[in-house]
Amino acid sequence: MILYVVRHGLAEDAAAGGDEARHLTDVGRQRTLKAAEGMRALGIEFDLILASPLARAAETAEAIATTYAIGLTPRVLIELVTGIAPGDAIAALAPYGRNDSVMIVGHEPQLSAMISILLTGEPDAMHLRMRKGGCVALELPANRIQPAAAELLWMMTQRQLRKLRK
């Protein structure tokens, strides 16, 4: 299976409702839509989008789904919210290993730690910091979303994805 890991797009600095209510900025939304067009041009396909319930991640997932126009509605995976241990988030992904490809949309530093665990088995074995709107593609054996089982296929920034648009 292929696991696409996406960090949410550019969001507001602060919101009246706290961190949970931070929405994408207009620029963040436009860049996310353009990056999604680049993903589509690259040939990225996925069966399912799972997102953190926080506004900025949910909006990023929705923008990607809208760009693909395949009738796919992102689902909330509560373990992708900030503050959840990366190992717990990986465990929550295990049931989705039967899919051919899954996209997750979440937050730093959880996503980088999850990628490190999936590649090496340790949350800090590699130094990685995903930029807003960036995407990492990992290949995992079917039904094996577990530590040290992944292979890194590629990693791109949002800017690189936007440049791939046709």
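Located above this text is the structure these notes cover.
Residues numbered from 1 in each chain as written. Predicted model: local features only at pLDDT ≥ 70, side-chain atom pairs only at ≥ 80, totals over all residues. Heavy atoms only, no water.

### Considerations on the sheet that holds strand E6 (residues 151-156)
Stage number 1. Taken together, the 6 strands give an open sheet; going across it, the order is E3-E2-E4-E1-E5-E6, and neighbouring strands pair in mixed fashion. One side of each edge strand has no neighbouring strand; the edge strands of this open sheet are strand E3 (75-76) and E6.
Stage number 2. With 4 bridges connecting them, strand E2 (residues 48-51) and strand E4 (residues 101-106) associate as parallel partners. Within the sheet, the bridge partner assigned to Ala-51 lies in E4 and is Val-105. (Pairing = 2+ DSSP bridges. Helix = DSSP H or I, 4+ residues; strand = E, 2+ residues; numbered from the N terminus.)

### With respect to the nonpolar core
Stage number 1. Residues Leu-3, Val-5, Leu-50, Ile-104 and Leu-138 are the most contacted members of the largest nonpolar core, which totals 28 residues.
Stage number 2. With 6 residues, helix H4 (residues 110-120) is the largest single contributor of residues to this core.
Stage number 3. Leave out the neighbours within four places in its chain, and Ile-104 touches Leu-3, Tyr-4, Val-5, Val-6, Leu-50, Leu-80, Leu-93, Leu-111 and Met-114.
Stage number 4. Ranked by size, the runner-up nonpolar core spans 21 residues in total, among them Ile-49, Ala-51, Met-103 and Ala-137. (Core = buried A, V, L, I, M, F, W, Y, C linked by side-chain atoms within 4.5 Å. Buried < 20%, exposed > 50% of the residue type's maximum accessible area, 1.4 Å probe, protein only. Contact = heavy atoms within 4.5 Å.)

### Digging into the packing of aromatic side chains
Stage number 1. All chains considered together, the criterion is met by 2 aromatic pairs.
Stage number 2. On the basis of an interplanar angle of 40° and a centroid distance of 6.1 Å, the ring pair of Tyr-4 and Trp-154 is categorised as tilted. Taken together, the positions of Tyr-4 in strand E1 (residues 2-7) and Trp-154 in strand E6 put the pair 150 residues apart, joining distant regions of the chain.
Stage number 3. Since its relative accessible area comes to 9%, Tyr-4 is described here as buried.
Stage number 4. A relative accessible area of 21% means that Trp-154 is categorised as partly exposed. (Phe/Tyr/Trp six-rings, centres within 6.5 Å; stacked < 30°, edge-to-face > 60°.)

### Some words on helix H1 (residues 26-42)
Stage number 1. Compared with an ideal rise of 1.5 Å per residue, which puts 17 residues at 24 Å, H1 spans 24 Å between its outermost C-alpha atoms and is within 8% of the ideal.
Stage number 2. Elements in contact with the buried residues of H1: E1, helix H2 (55-68), E4, strand E5 (135-139) and helix H5 (158-163).
Stage number 3. Phi turns positive one or two residues past the end of H1, at Gly-43, with a value near 95°. (Expected span 1.5 Å × (residues − 1).)

It is worth stressing that arrangement in space is one thing and function is another; only the former is reported here.
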